[in-house]
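Remarks on the overall topology
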Amino acid sequence: MPPGTSIRTPNTFCGQIIHSVKWVPVVFLMCIVAWSYYAYVFQLCILTVKTFFEKLIYLIIYHFLLVIFLWTYWLTIFTPPATVPRKFLLPPEEFEKMGRTTDETAQRNILENFARTLHVVNRTLNGAVRFCEKCQVVKPDRAHHCSVCGVCILKMDHHCPWVNNCVSFTNYKFFLLFLGYAFLYCFFIDITSLQYFILFWKDLQGNLENSSKFHILFLFVVAAMFCTSLASLFIYHLILVGKNRTTLEAFRHPVFIIRGPDKNGFNLGTMNNFQEVFGDRTLLWFIPVFTSLGDGINYPLKIYSEDTDHLLGPRWEDEEAGSSSLLH
């Protein structure tokens, strides 16, 4: 597939079937949300909660959390992941030349010569330029090939079946907000339905209708399960953001030209790392609009002095001018 284009779409019957199956987790999750809406709004708030003021407060907060949760979920699903620009595509004659030789040194030299103008600092474990044979591109820093999407993705974190999309440079902020707001949505359901959940167990012959009782019971249990899993996943990704690592980089440290594998190669300090994902405009941090810094290709690096090995400062490398400037 040519780089810089959208994710491929299947054009065969089998391909369409596979494409449809990938949406099953999303449809399943939406069915749970639809049921939870019925259980919370109708069974709990309308039929069970007694006072009008309590109903009103519950419904206002619930619908606010539901809207922003679905908004961030929608953006995480339907924001296309950024693919590799065409300038990283190895010319056909160079690719054919690589295919005609079995000499690894010769192949490596072809890639090195082509990559000189691309400003890529990540390498393979043996120090070679990272190259994707399927996409025929030199991989930009932090880019990886997604076997599900069938294309190289900029700053790929992972492919998430629950959103049927790659979590990457273009939607990572939306993914984090989705985790956070989904957690708040489930947590709010749990804390407001807890007293009625307890009432169900204390008095099976109470004032609640049997159908309402079972809806409230399962609503609390399902929300608690999702709340626990979302909290752990959200905290894990916040830790990754604080260290400026993707999920893939947490398992396999990025390799740099000079110093080799370095898990802190992109670590600019907690605040700079946070701003790289959420942007430098505080008012927009928690609103689902794209504010991430950079272009998904070039990243500021944690630079060390070769002599003293102390931190000189995070810098944006200037590819054209051959200089660098401090990240503010």
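Residues numbered from 1 in each chain as written. Predicted model: local features only at pLDDT ≥ 70, side-chain atom pairs only at ≥ 80, totals over all residues. Heavy atoms only, no water.

A separate point is the overall build of the protein. Helices and strands together make up the secondary structure of the protein, namely nine helices and 12 strands. Looking at the 328 residues of the protein, the share that counts as buried comes to 47%. For the protein, the proportion of contacts with a sequence separation of at least 24, taken over those separated by at least 6, is 59%. When the accessible surface of the protein is summed, it comes to about 17,500 Å², and 65% of that surface belongs to carbon and sulfur atoms. (Helix = DSSP H or I, 4+ residues; strand = E, 2+ residues; numbered from the N terminus. Buried < 20%, exposed > 50% of the residue type's maximum accessible area, 1.4 Å probe, protein only. Contact = heavy atoms within 4.5 Å. Areas by Shrake-Rupley, 256 points an atom, 1.4 Å probe, with all protein chains shown as cover.)

Another point: the pattern of salt bridges. Under the criterion given, the structure shown has six salt bridges. Two residues, Arg142 and Glu249, come together in a salt bridge whose shortest N-O distance is 2.8 Å. Within this pair, whereas Arg142 is found in the loop between strand 3 (137–138) and strand 4 (144–146), its partner Glu249 is found in helix 8 (residues 247–251), the two being separated by 107 residues in sequence. Each of the two residues, Arg142 as well as Glu249, counts as buried. (Salt bridge = Lys/Arg side-chain N within 4 Å of Asp/Glu carboxyl O.)

The backbone of Arg142 sits at a positive phi, close to 75°, despite the residue not being glycine. Of note, Asn164 is a non-glycine position whose phi angle comes to about 50°, a positive value. Within the fold, Asn164 resides in the loop between strand 6 (158–160) and strand 7 (165–167).

Looking now at the side chain of Arg130. One can find Arg130 in the loop between strand 1 (122–123) and strand 2 (131–132). Among buried charged residues, Arg130 stands out as having no salt bridge; its nearest opposite-charge side chain is Asp141, 5.4 Å away. Side-chain polar atoms of Arg130 contact the backbone oxygen of Pro140, separated by 2.5 Å. (Lys, Arg positive; Asp, Glu negative; His and termini not counted. Polar contact = N/O pair within 3.5 Å; in protein donor to acceptor, adjacent residues only side chain to side chain.)

A few words on the packing of helix 2 (residues 24–46) against helix 3 (residues 52–78). Running from amino to carboxyl end, helix 2 crosses helix 3 at an angle of 170°, the nearest separation of the two axes being 11 Å. Classified by the angle their axes make, helix 2 and helix 3 are roughly antiparallel. In this structure, helix 2 contributes Val26, Leu29, Met30, Val33, Ser36, Tyr37, Tyr40, Val41, Cys45 and Ile46 to the contact, and helix 3 contributes Lys55, Tyr58, Leu59, Tyr62, His63, Leu66, Phe69, Leu70, Tyr73 and Ile77. (Axes fitted to C-alpha atoms, helices over the stretch in contact; angles between N-to-C directions. Parallel < 35°, antiparallel > 145°, perpendicular 65-115°, else oblique.)

The next thing to look at is the UniProt feature "transmembrane region" (unreviewed entry) in the protein. Here the UniProt-annotated "transmembrane region" (unreviewed entry) positions come out as residues 26–49, 56–74, 174–202 and 214–239. Helix and strand shares over residues 56–74 are 100% and 0% respectively, and the end C-alpha atoms of the span are 27 Å apart. Secondary structure content for residues 214–239 is 100% helix and 0% strand, and the end C-alpha separation is 38 Å. (UniProt positions renumbered as here; feature names shortened; annotations may be inferred.)

Take the packing of aromatic side chains next. When we look at a pair of aromatic rings, we describe it by the centre distance and by the angle of the planes. Under the counting rule described, the total for this entry stands at 23 aromatic pairs. Ring geometry for Phe69 against Tyr185: centres 5.2 Å apart, planes inclined by 25°, an arrangement best described as stacked. Taken together, the positions of Phe69 in helix 3 and Tyr185 in helix 6 (residues 172–202) put the pair 116 residues apart, joining distant regions of the chain. Across the pair, exposure class does not vary: Phe69 and Tyr185 are buried alike. Residues Phe183 and Phe187 carry aromatic rings whose centres are separated by 5.8 Å and whose planes lie at 20° to one another, so their mutual orientation is stacked. (Phe/Tyr/Trp six-rings, centres within 6.5 Å; stacked < 30°, edge-to-face > 60°.)

Let's shift gears to the sheet that holds strand 9 (residues 260–261). Taken in spatial order, the three strands line up as 1-8-9 in an open sheet, and their pairing is antiparallel. At either end of the open sheet lies a strand with only one pairing partner, and these are strand 1 and strand 9. Pairing of strand 1 with strand 8 (residues 255–256) involves two bridges; the strand directions are antiparallel. Following the sheet pairing, Arg123 is matched in strand 8 by Val255. (Pairing = 2+ DSSP bridges.)

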